[in-house]
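# What the coordinates show
Here's the letter readout for the chains.
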Amino acid sequence: MSKVSRIAAVGDNCMDVYENIGEAYPGGNPVNVAVYTMRLGHSASYIGVVGTDCYGKRMIDSIQAKGVDISHVKIKEGNTAVTYVKLINGNRELGDYEEGVMAEFALTTEDIRFICEHDMLVTGIWGMIENELPRISEKGIPIAFDFATRWKSEKLNLMLPYVDYAFFSAEELTEEILDLMKAAKSKGPKIVIVTLGENGSIAYSGDEFIRYGIVPCEVKDTMGAGDSYIAGFITGILEGKTIYECMKQGALNSSITLQYMGAWG
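Attention here is on the structure that accompanies the text. The shown structure was predicted, so the numbers you read here are calculated from the model rather than taken from an experiment.

## A look at the pattern of salt bridges
Applying the stated criterion to the full structure yields nine salt bridges. In this structure, Glu130 and Lys155 form a salt bridge, with 2.7 Å as the shortest nitrogen-oxygen distance. Of the two residues, Glu130 is situated in the loop between strand 8 (120–124) and helix 4 (133–137) and Lys155 in the loop between strand 9 (143–146) and helix 5 (156–159); the sequence distance between them amounts to 25 residues. The class for Glu130 is buried, based on a relative accessible area of 18%. Judged by its relative accessible area of 35%, Lys155 falls in the partly exposed class. Two residues, Glu176 and Lys152, come together in a salt bridge whose shortest N-O distance is 3.6 Å. Here Glu176 is found in helix 6 (residues 175–186), whereas its partner Lys152 is found in the loop between strand 9 and helix 5, with 24 residues between them in sequence. With a relative accessible area of 67%, Lys152 lands in the exposed category. In this structure, a network of salt bridges that share partners links the residues Glu110, Arg113 and Glu117.

Below, the structure written as structure tokens:
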């Protein structure tokens, strides 16, 4: 790898509180992608907000310990976001979500300037920055966006024209999913990618559908697997890899995360 790329991960963070085992781990889509980007040998910044509670301090300390730039993390009076999780046979089931200070998160002009110093922005459906995508896109920075399972969100058509790499997730591949991928691609993204859990992933470039499987491993916890894939894929793009090679890098990165508890910490 000749060039170290900088990724700006923007938006939500939360403590994943595993109720049935009495543990809590830092996470959240953009935070996870930032940490996994560092693991792959690139550089990452996280732009978001935490509360003044003990989880906020733990979140900042944990992210910083992974080498992620936290210079644009804000601290606001209140509670850090929390997602309650149950772990059943290695699979995580998400419960209640307490948004906390994330409800007040908004980018400043200085944040946007900082973001545009990076090689790519990655955010997601809970990142609270969809209204800023046009402003960031016009600066020329590529945007990767995780729509999760929100195929029919009312915001989808408003956001897709400003997204270069659109990630979705589904349990299995169906004709409906293929049609939805084509529809999403027609709105503007360069590539639409769908992660399918144990069924691998599929990408659509507008010319062809490309499939990739999984990297077999012992699964301890599925938390963060999809975010690991995104980090592997987008760093592959920045490294100049083919779509298939990016998918492979995503799957390899996911297989690492699947083998330990929590998203990463």
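## Describing the nonpolar core
Of all hydrophobic cores here, the largest spans 41 residues; its most connected members are Tyr165, Phe167, Phe233 and Ile234. Element by element, the count of residues in this core is highest for helix 7 (residues 225–238), at six residues. In this view, Phe233 contacts Tyr165, Phe167, Ile191, Ile193, Ile243, Cys246, Met247 and Gly250; residues no more than four positions away in its chain are not counted. In this structure, Ile47, Val49, Leu133 and Met181 belong to the second largest nonpolar core, which totals 39 residues.

Analysis parameters
- Residues numbered from 1 in each chain as written.
- Predicted model: local features only at pLDDT ≥ 70, side-chain atom pairs only at ≥ 80, totals over all residues.
- Heavy atoms only, no water.
- Salt bridge = Lys/Arg side-chain N within 4 Å of Asp/Glu carboxyl O.
- Helix = DSSP H or I, 4+ residues; strand = E, 2+ residues; numbered from the N terminus.
- Buried < 20%, exposed > 50% of the residue type's maximum accessible area, 1.4 Å probe, protein only.
- Core = buried A, V, L, I, M, F, W, Y, C linked by side-chain atoms within 4.5 Å.
- Contact = heavy atoms within 4.5 Å.

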